[in-house]
Amino acid sequence: MTARHPNGFRFSDEFINRWTRLLVIALFVITGAGIALGVASDADGAPGWLGAAAAVVLVLGIAGPIIASAVLGGEAIRRGGGVIGALFAVGLLAGASGAALEIPWLMWGGGIVLALGIVGFWVIGWIAKVPMYIGLPGAHGKVVQREDDRPEDLFGGDDPRLRVKRPRRGGTDAR
């Protein structure tokens, strides 16, 4: 049995937040390096391979963090969910590449794979009883979550960081 936090995910909030920060930083740093290489390739006397290197770094700077975050997101929901995350990411990237390169079959195939990845995320999220939002969480989005049985806290429920936050009466959370 997979150990779960009260929020329904397999990974702790600290783990998820740390990897989110690292992947966002990697996205900006690697993409920035690709842009810098692209600018350098336009200079007089720059080697011809520099433009190709800039394109490769840009693609890796965008695709790498997207694929990693999708795989980690799937694994956070359910063991083996990384396959669904990879399916989602490959569909997203293939659809975008097909649209950018004007290859209709790649765009439509990527769109179909992306849709299968989205449905897969919803299915494993429903099975794992994680909260899923329709809309944005902070903008009065509707939460869809199975209520038949809350996820069991196997991490020692005495830790206040793992307690479910409930609004206090009177409208303030300050003590």
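Just so we're clear, the structure is a prediction, and the values are computed from it rather than from any experiment.

What counts and what doesn't
- Residues numbered from 1 in each chain as written.
- Predicted model: local features only at pLDDT ≥ 70, side-chain atom pairs only at ≥ 80, totals over all residues.
- Heavy atoms only, no water.
- Buried < 20%, exposed > 50% of the residue type's maximum accessible area, 1.4 Å probe, protein only.
- 1 Å grid on protein atoms, 1.4 Å probe; cavity = no way out; pocket = protein on both sides within 12 Å on 5 of 7 lines; lining within 4 Å.
- Points joined across faces, edges and corners; volume = space filled by probe spheres on them.
- Helix = DSSP H or I, 4+ residues; strand = E, 2+ residues; numbered from the N terminus.
- Nonpolar A, V, L, I, M, F, W, Y, C, P; charged D, E, K, R; others polar.
- Patch = residues over 30% accessible without salt bridge, like charges linked within 9 Å, V, L, I, M, F, W, Y side chains within 5 Å.
- Areas by Shrake-Rupley, 256 points an atom, 1.4 Å probe, with all protein chains shown as cover.
- Salt bridge = Lys/Arg side-chain N within 4 Å of Asp/Glu carboxyl O.
- Axes fitted to C-alpha atoms, helices over the stretch in contact; angles between N-to-C directions.
- Parallel < 35°, antiparallel > 145°, perpendicular 65-115°, else oblique.
- Phe/Tyr/Trp six-rings, centres within 6.5 Å; stacked < 30°, edge-to-face > 60°.
- Expected span 1.5 Å × (residues − 1).
- Contact = heavy atoms within 4.5 Å.

1. Thoughts on unusual backbone geometry
Although it is not a glycine, E102 adopts a positive phi angle of roughly 55°. Under the relative-accessibility criterion, E102 is labelled exposed at 70%.

2. Description of the layout of surface pockets
Taken as a whole, the largest pocket spans an internal volume of roughly 760 Å³. Along the walls of the largest pocket sit 25 residues, with S69, G73, G74, I77 and F121 positioned nearest its centre. Broken down by secondary-structure element, the contributors of at least two residues to the lining of the largest pocket are α1 (13-41), α2 (49-77), α3 (82-100), α4 (104-128) and β1 (132-134). Residue composition of the lining of the largest pocket, by class: 21 nonpolar, 4 polar and no charged.

3. Structural notes on a nonpolar patch on the surface
A contiguous nonpolar patch, built from I25, V29 and I30 and spanning about 260 Å² of accessible area, is present on the exposed surface. By secondary structure assignment, the location of I25 is in helix α1. By relative accessible area, I25 is classed as exposed at 52%.

4. So, the packing of α1 against α2
Interhelical geometry of α1 versus α2 gives an angle of 170° and a closest axis separation of 7 Å. As judged from the angle between their axes, α1 and α2 are roughly antiparallel. By residue class, the composition of the contact of α1 with α2 is 19 nonpolar, 7 polar and no charged.

5. Details of the environment of V119
By the secondary structure assignment, V119 is in helix α4. Here V119 falls in the exposed class, since its relative accessible area comes to 52%. Taking the C-alpha atoms as reference points, V119 and F88, 31 residues apart in sequence, are found 9.4 Å from one another.

6. Notes on the packing of aromatic side chains
Taken as a whole and judged by the stated rule, the model has 2 aromatic pairs. A ring pair is formed by F15 and W19, whose centres lie 6.3 Å apart and whose planes are at 50°; its orientation type is tilted. Pair noted here: F15 and W19 are both in helix α1, with a separation of 4 residues, about one helical turn. W19 sits in the partly exposed class, given a relative accessible area of 34%. With centroids separated by 5.7 Å and ring planes inclined at 70°, the aromatic side chains of F88 and F121 adopt a geometry described as edge-to-face.

7. Some details on α3
Every α-helix carries 3.6 residues per turn, so stepping three or four residues along brings you back to the same face. Across its 19 residues, α3 extends 26 Å between first and last C-alpha, which sits within 8% of the 27 Å expected from 1.5 Å per residue. Those residues of α3 not exposed but buried are G82, I84, G85, A89, G91, A94, G95 and G98. The elements touched by buried residues of α3 are α2 and α4. One or two steps after α3, the chain reaches E102, where phi turns positive at roughly 55°.

Remember that the coordinates give geometry; whether it matters functionally is a separate question.
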